[in-house]
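Examination of the molecular architecture
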Amino acid sequence: MPYKPAKPCAHPGCPALTTSHYCPAHTKQEARRYEQQQRDPATAKRYGRSWQRLRAAYLTANPLCEMCLAAGKCVPAVLVHHRIPLADGGGNDVDNLQALCQRCHSAHHAKDGSRWS
């Protein structure tokens, strides 16, 4: 299977070629800038260091996508989804979490109409 062609890094003035948006040298820098300047402060507070630890522990305990597993497929989970969103009063307890692959997570939010609204 051929790879997609490399393109210049999106960071201004960086000539490095990459297959993602930013080269490895600028990926972390851009993530930090986004967290500090563009992300909603309330969201940043909810998804801080304690959430990162909980998310990692949950994905270790549940390495497969729960929706795909119910359909008889074995797909690795990459995201932890809140069944009841934190903004709607849900919590970070294990009963409210669900391990999902990117496809199922996107499909869930597209069906819900809850993403970016």
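Whatever comes next refers back to the structure up there.
Residues numbered from 1 in each chain as written. Predicted model: local features only at pLDDT ≥ 70, side-chain atom pairs only at ≥ 80, totals over all residues. Heavy atoms only, no water.

1. Thoughts on the nonpolar core
- Residues Trp 51, Tyr 58, Leu 59, Ala 77, Val 80, Leu 97 and Ala 99 constitute the largest nonpolar core, which totals seven residues.
- Among the elements of the structure, α3 (49-61) and β4 (97-100) are those that each provide at least two residues to this core.
- No other element matches α3, which puts three residues into this core. (Core = buried A, V, L, I, M, F, W, Y, C linked by side-chain atoms within 4.5 Å. Buried < 20%, exposed > 50% of the residue type's maximum accessible area, 1.4 Å probe, protein only. Helix = DSSP H or I, 4+ residues; strand = E, 2+ residues; numbered from the N terminus.)

2. Some remarks on the pattern of salt bridges
- A full pass over the atoms with the stated rule returns two salt bridges.
- One salt bridge in this structure joins Glu 30 and Arg 33, with 3.0 Å as the shortest N-O distance. On the criterion of helical spacing, the pair formed by Glu 30 and Arg 33 is a turn pair, its members being three residues apart in helix α1 (residues 24-38).
- By relative accessible area, which is 12% here, Glu 30 ends up buried.
- A relative accessible area of 31% places Arg 33 in the partly exposed class.
- A salt bridge links Arg 83 to Glu 66; its shortest N-O distance comes to 3.2 Å. Taken as a pair, Arg 83 in the loop between β3 (79-82) and β4 and Glu 66 in helix α4 (residues 66-70) lie far apart in primary sequence, 17 residues in all. (Salt bridge = Lys/Arg side-chain N within 4 Å of Asp/Glu carboxyl O.)

No statement about biological role is implied by the geometric values presented.
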